[in-house]
Amino acid sequence: MRFDKTNVFSAYDVVNDYNEDDLVRIFSEYGEERFSKRIAKKIVETRKLKNIETTTELADLIVNATPRIKSSIHPATRVFQAIRIEVNGELKNVKNALEEVLALLDFGAIISVISFHSLEDRVVKHLFKYHSMRCHCDKSQMICNCPPPMLELINKKPIVASDEEIRENPPSRSAKLRAARCIVKLG
């Protein structure tokens, strides 16, 4: 699950070292797993006897910890996704990369981002929204000292593939495009 094989931190560390609350958090946030508490509890119980060594062991544990639901998606899919996102710091990397790109924009420049995952899209959406807001002050403050907004949203809602495009290119069904224009002169 590691993108960088030289990184010593791995899925094994998440599964065998994270406490129950942290497992629940990553399964809920990164996997949007509705049975995150059950799964985390089962992992922690199993670890008391022995470490979880293989993906098959983990997948079987997840299947046994969750109710049988008729679905085309394997019960472990969301948990594996959450672990992968945690191990690779994927959402942090998206946010950091966008912040770095924003710092490089000139007045009038357009930034366009295509995301292929709802969690990535949420990061882009919130970052664009934050940088397009006029004020970030606490409501209790009398005077706003916020800098002017940096971005103007080009599209409020993401642009998604048409039915025709999805028929011609099925992976495009998950793509979402967001765009914004830089409206301040930096430096």
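Everything numeric in this text was worked out from a predicted model, so none of it was measured.

Caption draft 1: The arrangement of the pattern of salt bridges in detail. The final tally for this structure, using the stated rule, is six salt bridges. Note that Asp22 is salt-bridged to Arg25, the shortest N-O span being 3.9 Å. Of this pair, Asp22 and Arg25 are both found in helix H2 (residues 20–31), three residues apart, which corresponds to roughly one turn of the helix. In this structure Asp22 comes out as partly exposed when scored by relative accessible area, which is 29%. Ionic pairing is found between Arg178 and Asp121, a salt bridge with its closest N-O pair at 2.8 Å. Of this pair, Arg178 sits in strand S4 (residues 176–182) while Asp121 is found in helix H7 (residues 118–132), placing the two residues 57 residues apart along the sequence. When sorted by exposure, Arg178 lands in the same class as Asp121, which is buried.

Caption draft 2: Just the nonpolar core, in detail. Counting 30 residues, the largest nonpolar core has Leu23, Phe27, Ile39, Ile43, Leu58, Ile62 and Ile83 as its most contacted members. Those elements giving two or more residues to this core turn out to be helix H1 (11–17), H2, helix H3 (36–49), helix H4 (55–65), helix H5 (77–88) and H7. Ranked by the residues each element gives to this core, the list is headed by H5, at six residues. The next biggest cluster of nonpolar side chains, apart from the first, holds 13 residues, and it includes Leu102, Leu105, Val113 and Leu127.

Caption draft 3: Region of interest: the pairing of S4. In this sheet, S4 lies alongside strand S1 (residues 110–115) in antiparallel orientation, the contact comprising six bridges. Within S4, the residue paired with Ile111 across the bridge is Ala180. With three bridges connecting them, strand S2 (residues 151–153) and S4 associate as antiparallel partners. When the sheet's bridge partners are listed, Glu152 is paired in S4 with Arg181.

What counts as what
Residues numbered from 1 in each chain as written. Predicted model: local features only at pLDDT ≥ 70, side-chain atom pairs only at ≥ 80, totals over all residues. Heavy atoms only, no water. Salt bridge = Lys/Arg side-chain N within 4 Å of Asp/Glu carboxyl O. Helix = DSSP H or I, 4+ residues; strand = E, 2+ residues; numbered from the N terminus. Buried < 20%, exposed > 50% of the residue type's maximum accessible area, 1.4 Å probe, protein only. Core = buried A, V, L, I, M, F, W, Y, C linked by side-chain atoms within 4.5 Å. Pairing = 2+ DSSP bridges.

Honestly, that's just the spatial picture; any functional story needs more than this.
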